[in-house]
Amino acid sequence: MNFKQIIDLSIPINNETPVYPGDPKPNIHPAAELDKDGYQVTQLNIGSHTGTHVDAPFHFQKEGERIDQSSLTKFMAPGLVIDVTGKAPAEQITMDDVADQIESVVPGTIVLFHTGWAKHIGTETYFEHPYLSVDIINSLLDKGVTTFFIDALNVDPPNGSAFPVHEAITSENGIIGENFCNFDQIDFANPLIIALPLKLEGLDGSPVRAVAVEVE
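Computed from a prediction, not measured in an experiment: that's the story for all the values here. (Residues numbered from 1 in each chain as written. Predicted model: local features only at pLDDT ≥ 70, side-chain atom pairs only at ≥ 80, totals over all residues. Heavy atoms only, no water.)

## Observations concerning helix H3 (residues 134-142)
Residues Ile136, Ile137, Ser139, Leu140 and Leu141 constitute the buried set of H3. The inward-facing, buried residues of H3 abut strand S6 (92-93), helix H2 (95-102), strand S7 (110-114), strand S8 (131-132), strand S9 (147-150) and helix H4 (164-170). The opening residue of H3, the one whose side-chain oxygen lies 3.1 Å from the backbone nitrogen of Asp135, is Ser133. Backbone geometry just after H3 places Gly144 at a positive phi near 95 degrees. (Buried < 20%, exposed > 50% of the residue type's maximum accessible area, 1.4 Å probe, protein only. Helix = DSSP H or I, 4+ residues; strand = E, 2+ residues; numbered from the N terminus. Contact = heavy atoms within 4.5 Å. Polar contact = N/O pair within 3.5 Å; in protein donor to acceptor, adjacent residues only side chain to side chain.)

Structural data, given as structure tokens:
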């Protein structure tokens, strides 16, 4: 298999990485240093939803799959980029915005919602992102799609008033991915999307290193 190109879809993780309000802020610092100890080790204190990450069904469902229980095929499959750019802060993405783009989606596809909001990382605007209508999600679930990624902080409204999209997806043991980037660089058809979580036993989510691969 030849890879024509690989697009990095992950934001950097550092002490300034934005997190959902109330989530643990990253605290990354040296635990051993080359000059003092002869080697380097870094202590990572981060939440399970830090940076580019995936949500396990257990995030919102008491009996939902944990992140180590979900099939790896949910994190590694052909992708479809849905263009929903041009939205205002905190504006809903509606079925009218996507209907013609999702009409022929096939089961097992990873759907990528391209809001363009990753350009706002590091500003307060990043926290006032557009969000998905649950009608879109229900339509895609009916079509056999169970994995949904977005290049924004959250798939649901930024005010945290309700989580209908999280609940709809996780109730079907589906996967949500947030804080992605560079969806605009996927300018080729049938990208292979890979966003494998760490094998964190029994947990509700995991950071990922996500890529889009053009396979020759």
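Next comes the rest of the description.
## Things to note about the sheet that holds strand S5 (residues 76-83)
The strand order across the open sheet formed by nine strands is S1-S13-S11-S5-S7-S9-S10-S4-S12, and the pairing between neighbours is mixed. In this open sheet, the two strands that pair with only one neighbour each are strand S1 (3-8) and strand S12 (205-207). Direction aside, the axes of adjacent strands within the sheet are offset by 25 degrees on average. Pairing of S7 with S9, which is carried by four bridges, proceeds in the parallel orientation. Its bridge partner being in S9, Phe113 is matched across the sheet by Ile150. Most of the contacts of H3 go to S7, to which it runs at about 155 degrees, and overall it touches S7 and S9. (Pairing = 2+ DSSP bridges. Axes fitted to C-alpha atoms, helices over the stretch in contact; angles between N-to-C directions.)

Honestly, that's just the spatial picture; any functional story needs more than this.
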